[in-house]
Amino acid sequence: MIGAWPGGAPAAFRHHYGKGIVYALGVNLALAYRDGRDDPSSRAWAALLGEAGVKRPAWMPERVLVYDRRNADREIWFVFNPAEQSKNIRLPRQPECVWESNGARFRGRTLQLPAGAAWVAEMPIVPFP
């Protein structure tokens, strides 16, 4: 058990399964974030990812959110800067096509993303290890 409710009932578990670890939470962290700028669940996610040994990629600055969606044909990245200042992001590879720049500037592999902006691009597919 890695977390408990105030009455002592288990709220989160860590279980070794095969060669991996499974985490089970008795709460939906996505529901903790509603109408506000700061996501209160981000600390919980950071703790779980750290516990699992997952590190933030070196190219990704703090307070930048990157979501990717992939199928057999393409990979699409959604990059958000919720911070109140511009962020420079050195991407690991050059995009194939930028779908939405939202005021962002792109030179080489460096993306300058204004405060509050989003950037959407099709990225080259890199095979899974």
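Predicted model, so just to flag it, every value in this text is computed and none were measured.

Criteria and thresholds
- Residues numbered from 1 in each chain as written.
- Predicted model: local features only at pLDDT ≥ 70, side-chain atom pairs only at ≥ 80, totals over all residues.
- Heavy atoms only, no water.
- Helix = DSSP H or I, 4+ residues; strand = E, 2+ residues; numbered from the N terminus.
- Buried < 20%, exposed > 50% of the residue type's maximum accessible area, 1.4 Å probe, protein only.
- Contact = heavy atoms within 4.5 Å.
- Areas by Shrake-Rupley, 256 points an atom, 1.4 Å probe, with all protein chains shown as cover.
- Core = buried A, V, L, I, M, F, W, Y, C linked by side-chain atoms within 4.5 Å.
- Pairing = 2+ DSSP bridges.
- Salt bridge = Lys/Arg side-chain N within 4 Å of Asp/Glu carboxyl O.
- Patch = residues over 30% accessible without salt bridge, like charges linked within 9 Å, V, L, I, M, F, W, Y side chains within 5 Å.
- Polar contact = N/O pair within 3.5 Å; in protein donor to acceptor, adjacent residues only side chain to side chain.

### Examining the overall build of the protein
In terms of helices and strands, the protein carries one helix and 10 strands. Classification of the 129 residues of the protein by burial places 23% in the buried group. The contacts in the protein between residues at least 6 apart in sequence include a share of 42% that link residues at least 24 apart. Total accessible area on the protein stands at roughly 9,200 Å², and carbon and sulfur atoms take up 55% of it.

### Some words on the nonpolar core
The nonpolar side chains of a soluble globular protein tend to be buried with one another. Val64, Trp77, Val79, Ile89, Leu91, Ala104, Leu111, Leu113, Ala117, Trp119, Ala121 and Met123 together form the largest nonpolar core, which totals 12 residues. Of all elements in the fold, only strand S5 (75–80), strand S9 (110–113) and strand S10 (118–123) reach the threshold of two or more residues within this core. If one sorts the elements of this core by residue count, S10 sits on top with three residues. Non-local contacts of Met123, meaning those with residues more than four positions away in its chain, are made with Glu75, Trp77, Leu91, Arg93, Gln94, Pro95 and Glu96.

### Structural notes on the sheet that holds strand S2 (residues 10–17)
If you trace the three strands from one edge of the open sheet to the other, you get S1-S2-S3, paired in antiparallel fashion. Edge positions in the sheet fall to strand S1 (3–4) and strand S3 (20–25), since each has one partner strand and no second. Relative to S3, S2 is paired through six bridges, and the arrangement is antiparallel. In the sheet register, Tyr17 faces S3, and the bridge partner there is Gly20.

### Let's talk about the pattern of salt bridges
When the charged atoms of two side chains with opposite charge come close together, those side chains can pair. In this structure the tally under the stated criterion is three salt bridges. Residue Arg70 pairs with Glu75 through a salt bridge whose shortest N-O separation is 3.7 Å. Classification of Arg70 by relative accessible area gives partly exposed; the value is 31%. When its relative accessible area of 4% is taken as the criterion, Glu75 is described as buried. The network of salt bridges with shared partners includes Arg70, Glu75 and Arg93.

### Quick word on a nonpolar patch on the surface
On the surface, a nonpolar cluster with roughly 260 Å² of combined accessible area is contributed by Trp5, Leu25 and Val27. With respect to the helices and strands, Leu25 occurs in strand S3.

### Considerations on the pairing of S9
Taking every second residue as pointing to the same face, the buried face of S9 carries Leu111 and Leu113, while none of Thr110 and Gln112 on the other face is buried. Examined bridge by bridge, strand S6 (residues 87–90) and S9 share four bridges and lie antiparallel to one another. Its bridge partner being in S9, Asn88 is matched across the sheet by Gln112. In the sheet, strand S8 (residues 105–107) pairs with S9 via three bridges, with the strands oriented antiparallel. Note on S9: the bridge partner recorded for Arg105 is Gln112. Following S8, the chain reverses through two residues before pairing antiparallel with S9; Gly108 in that reversal takes a positive phi of roughly 65°.

### Quick look at the side chain of Glu75
Among the structural elements, Glu75 can be located in strand S5. In terms of polar contacts, Glu75 uses its side chain to reach the side chain of Trp77, at 2.7 Å. There is a polar contact of 3.2 Å between the side chain of Glu75 and the side chain of Arg93. Excluding residues that lie within four positions of it along the chain, Glu75 makes contacts with Asp68, Arg69, Arg70, Arg93, Ala121, Glu122, Met123, Pro124, Ile125 and Val126.

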